[in-house]
Amino acid sequence: MENESKRYMAPGKHVLMGNVAMAEGAMAAGLTFFGGYPITPSTEVPEHLVWRLPEAGGAFIQMEDELAAINSVAGASVAGAKAMTATSGPGTSLMAETISMAAAMEIPLVICDVQRNGPGTGLVTAPHHNDVFQCKYSGNGEYEVIAYAPMSCQELYDLTIEAFNAAETYRCPTYVLSDAYLGHLHEPVVIPTAEEVKKLVVARAILDKPNQEKFTFLDREGNIQIPPAPVLGTPNFPTTFISQPHGPDGIPVNEDQVLKPNTLLVEKITKNVEKIARTEAYMLDDAEVVIIAYGLTARVCYHVVNLARKEGLKAGLFRLVTIWPFPYERVKSVVAGAKAIVVPEMNLGLMAGEVERCKPLAMPMYKVPKIADIHEPGEILAVVRKAKEAHP
Amino acid sequence: MSPQITTFPNEKPEHPVTLLSMGGLMTGNFWSMFCGGCGYGIIFQLFDKVFVEEKLDPFKYPVIIGIGCYTQGNTLVPAASQRVTTLHGRAPAMATGIKLANPAMKPIILTGDGDCLGIGGNHFIHLCRRNLDSVVLLFNNSIYGMTGGQVAPTTPQGSSTMTTLGAVFENRLDGVKLALAAGATYVARTTVAHPRTFMHYLKKAIKHAGTSVIEVVTPCVTYFGRKNVNDASQRMDTGGLLLEWIKAHAVWNNQAKLLSEAELADKYVIGEFREEDRPEYSAEYEKVKKKAMEG
């Protein structure tokens, strides 16, 4: 059941709250199931979707806890729905178990993580980019995820559509990492027409014929190719759909055969980094001080680069639009010609560790940590000046 | 790749439904990897029989399986059925998503006592509370079998397990009472020693619109029987002895009314406990959806 007339928002310029823009982005991407559990600061997402989804023919449910929420999302995705949940840091940690399962079973799903301060309960209304590692490393086992880090309400809309496409294409848990400030920011968002949106969206591929070659969900001999996700209730569903390591037919494998399926789960993402990773370069060509940032912090850094350039400091910004999979090669080439790196983050320096893996050993790197609040441009600019003075 | 069919010319199928399951297809026997004396073989044979007799559409009745010994029943349910193996305890939550995403389906949830009443207790309660159209088969073997005989929420008081020093003194959880309190609309309990009753209940549950919970008391010889004794102080290390014990401790609900609470403490009250029609979640949600789509 699908009511297309009500699925898409009227095209044009709207003033939307970040969380609402994210919900509308999901609607545009073809969301048909939302299972959630209320948690500050993400509550506006379910509050918006509770009426938006049913009128477009989708289903909304508030589950009993986050464990149930993510499992209902995984179940709906197995049954052919485009499904997502919205949560915050504590919720994401509860979901870790199922996210790991979804990675193993290659169930496409989207998790909107409106990050808040932690650890523990933390300051619930304060932003803190502290889930950047949790989203990838919280579940058991080795697996890869895709994570987008938008910096404006417009991007919350656009990148949520992209996140759904990535989830469908690569069949892995995909995150949209917002935060408490961004989620509650009201900004103009330009909504494209329904026709334009439809062109962007990757639909769920349903194989109508029982085709043994195609229904296999780990059959990637030689070149890595990702077959469409099997849909429950269609003839292409595998013999058994299980989160244990499995062969091409879905039947669990033994210790001596487990290497291949587990490697493929990781390599389907790591070998496609160039296709998945999205980055932005701003004034990098002659930059001596390279700022590497993501999320809301990156937005401040654009201004910092402008201020620095006015002072004659050759600063440039390399922005990670997707933080996972981490584009190691790109970062390596960006920092190669720099004299110093500045990594401002809305945490104590988590992704700085990943940047450190890409830079030459001798190259100086300055962290600019900030917790529970957004950076003042001056704070980052001061570090840029310091870096330039120390390494002229 | 289709399952390879090995035929044993001199061997006749043990049961008319043998060749229905994936294990049966592959070996020609009613194949299972359960211990000797386990009740799951019986349950799955009966389940297959009902599946065929009721002519259930495999696309409409997905089998959602939790984690426990019965997860291996994956190979014993009809080969044509579509089954999803979930995480420990999360089967009811996943079934909720499946049902809402495709309301034409009716998930059949296979779950155990540790899975459903221990780790997944909350999901089970809320599945019953929503009265979501689904069938829950709760296999109660009173022990954590797959991990090696640890105490379960359903272990009777006075039993011996691997993780209790001396006898169990915790109160045991009654799955049927929990389902009744949570609001399931068809609730029954039976044992593997009552196969026809089980088939009868399962057929009713499949036709019932709403959450149906059937608890099946099943023997675990390896980890419960071997460590415990029956009333004659005999170690219950064979399937027969444990099955006899279950039979002796099963009391029909009409007879149970005549017994005192102390007498019922170590008994399994069997029978049907509730059968009523109440609004079902996904049907109600479809109404909401229809109104939203029109309005």
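Predicted model, so just to flag it, every value in this text is computed and none were measured. Every chain is numbered independently, its residues counted from 1 as its sequence is written. The naming scheme follows written order: chains are lettered A onward, ligands numbered 1 onward. Given that this is a predicted model, residues contribute local features only at a pLDDT of at least 70 and side-chain atom pairs are listed and counted only at 80 or more, while totals for whole chains, interfaces and linings are drawn from all residues. Excluding hydrogens and water, the side-chain figures rest on all heavy atoms present in the structure.

(A) Summary view of the pattern of salt bridges. Residue and element names in this part refer to chain A. Put simply, a salt bridge is a Lys or Arg side-chain nitrogen that is within 4 Å of an Asp or Glu carboxyl oxygen. Evaluated as defined, the whole model comprises 34 salt bridges over all chains. Across the salt bridge formed by Arg-319 and Glu-155, the nearest N and O atoms sit 2.6 Å from each other. Of this pair, Arg-319 sits in strand S11 (residues 315-320) while Glu-155 sits in helix H7 (residues 153-170), and the two are 164 residues apart along the sequence. Both residues of the pair, Arg-319 and Glu-155, belong to the buried class. A salt bridge links Asp-286 to Arg-309, with the shortest nitrogen-to-oxygen separation between them at 3.1 Å. One end of the pair, Asp-286, is in the loop between strand S9 (279-282) and strand S10 (289-294); the other, Arg-309, is in helix H13 (residues 295-310), with 23 residues separating them in the sequence. Each of Glu-24, Arg-52 and Glu-55 takes part in salt bridges that share partners, so that together they form one network. Where helices and strands are cited, they refer to DSSP runs of H or I of at least four residues and of E of at least two residues respectively, numbered from the N terminus. Residue exposure (1.4 Å probe, protein chains only): buried if accessible area is under 20% of the type maximum, exposed if over 50%, otherwise partly exposed.

(B) Examining unusual backbone geometry more closely. The peptide bond linking Thr40(A) to Pro41(A) adopts the cis configuration, its omega dihedral lying at 5°. Structurally, Pro41(A) is set in the loop between strand S2 (33-36) and helix H3 (44-55). Following Trp324(A), the chain continues to Pro325(A) via a peptide bond in cis, the omega torsion being -5°. Looking at the secondary structure, you find Pro325(A) in the loop between strand S12 (322-324) and helix H14 (328-336). Unlike most non-glycine residues, Ala372(A) shows phi in positive territory, near 65°. The topology assignment puts Ala372(A) in the loop between strand S14 (365-369) and helix H16 (377-390). Its relative accessible area of 16% is what places Ala372(A) among the buried residues. The phi dihedral of Ser233(B) is positive, around 55°, even though this residue is not glycine.

(C) Spatial organisation of the interface of chain A and chain B. Two residues qualify as a contact provided that any one of their heavy atoms is within 4.5 Å of a heavy atom in the partner residue. Across the boundary between the two partners, chain A contributes 43 residues, which contact 33 residues of chain B. Buried area: the sum, over both parts, of the accessible surface (1.4 Å probe) that disappears when the two are put together. Here chain A packs against chain B, burying approximately 3200 Å² in sum over the two surfaces, 63% of which is carbon and sulfur. A salt bridge links Arg130(B) to Glu64(A); the nearest nitrogen and oxygen atoms lie 3.2 Å apart. In the analysis that follows, any N or O atom pair within 3.5 Å is treated as a polar contact, provided that within protein one partner can donate a hydrogen and the other can accept it, and provided that, for residues neighboring in sequence, both atoms belong to side chains. Scanning the region where chain A abuts chain B turns up 13 residue pairs in polar contact (both at pLDDT 80 or more).

(D) Molecular detail of the domain arrangement of chain B. Residues and elements named next belong to chain B. Where each domain starts and ends comes from a domain assignment, either automatic or drawn from a database. Structurally, chain B comprises domain 1 (1-31) and domain 2 (35-294). Inter-centroid distance (C-alpha atoms) of domain 1 to domain 2 is 27 Å. Buried surface at the junction of domain 1 and domain 2, summed over both partners, amounts to about 940 Å²; 71% is from carbon and sulfur atoms. Counting across the domain 1 and domain 2 interface gives zero salt bridges.

(E) Just the packing of aromatic side chains, in detail. Aromatic rings from Phe, Tyr and Trp, with only the six-membered ring used for Trp, were paired whenever their centres fell within 6.5 Å, and each pair was classed as stacked if the ring planes differed by under 30 degrees, edge-to-face if by over 60, and tilted otherwise. According to the stated counting rule, one finds 17 aromatic pairs over all chains in the structure shown. Measuring from ring centre to ring centre gives 5.6 Å for Phe133(A) and Tyr137(A), while their planes differ by 50°; the resulting arrangement is tilted. By relative accessible area, which is 25% here, Phe133(A) ends up partly exposed. We classify Tyr137(A) as partly exposed; its relative accessible area is 44%. Lying across the ring of Trp324(A), Lys136(A) places its NZ or CZ 5.0 Å from the centre. Charge over a ring is defined by NZ of Lys or CZ of Arg lying within 6 Å of the ring centre and within 35 degrees of the ring normal. One cation-aromatic arrangement involves Arg226(B) over Tyr223(B); the distance from NZ or CZ to the ring centre is 6.0 Å.

(F) Structural context of the sheet that holds strand S1 (residues 63-65) of chain B. Residues and elements named next belong to chain B. Only when DSSP finds a minimum of two bridges between them are two strands counted as paired. Strand order across the open sheet formed by eight strands is S2-S1-S3-S4-S6-S5-S8-S7, with mixed pairing between neighbours. Since the sheet does not close on itself, it has two edges, and those belong to strand S2 (83-85) and strand S7 (250-252), each with one partner. When strand polarity is set aside, the average angle formed by the axes of neighbouring strands in this sheet is 20°. Where S7 lies against strand S8 (residues 268-275), three bridges are found, and the strand directions are parallel. When the bridges of S8 are listed, Val-251 appears paired with Val-269. Under this scheme, a helix contributes an axis fitted over its contacting stretch, all axes are lines through C-alpha atoms, and angles between N-to-C directions fall in the 0 to 180 degree range.

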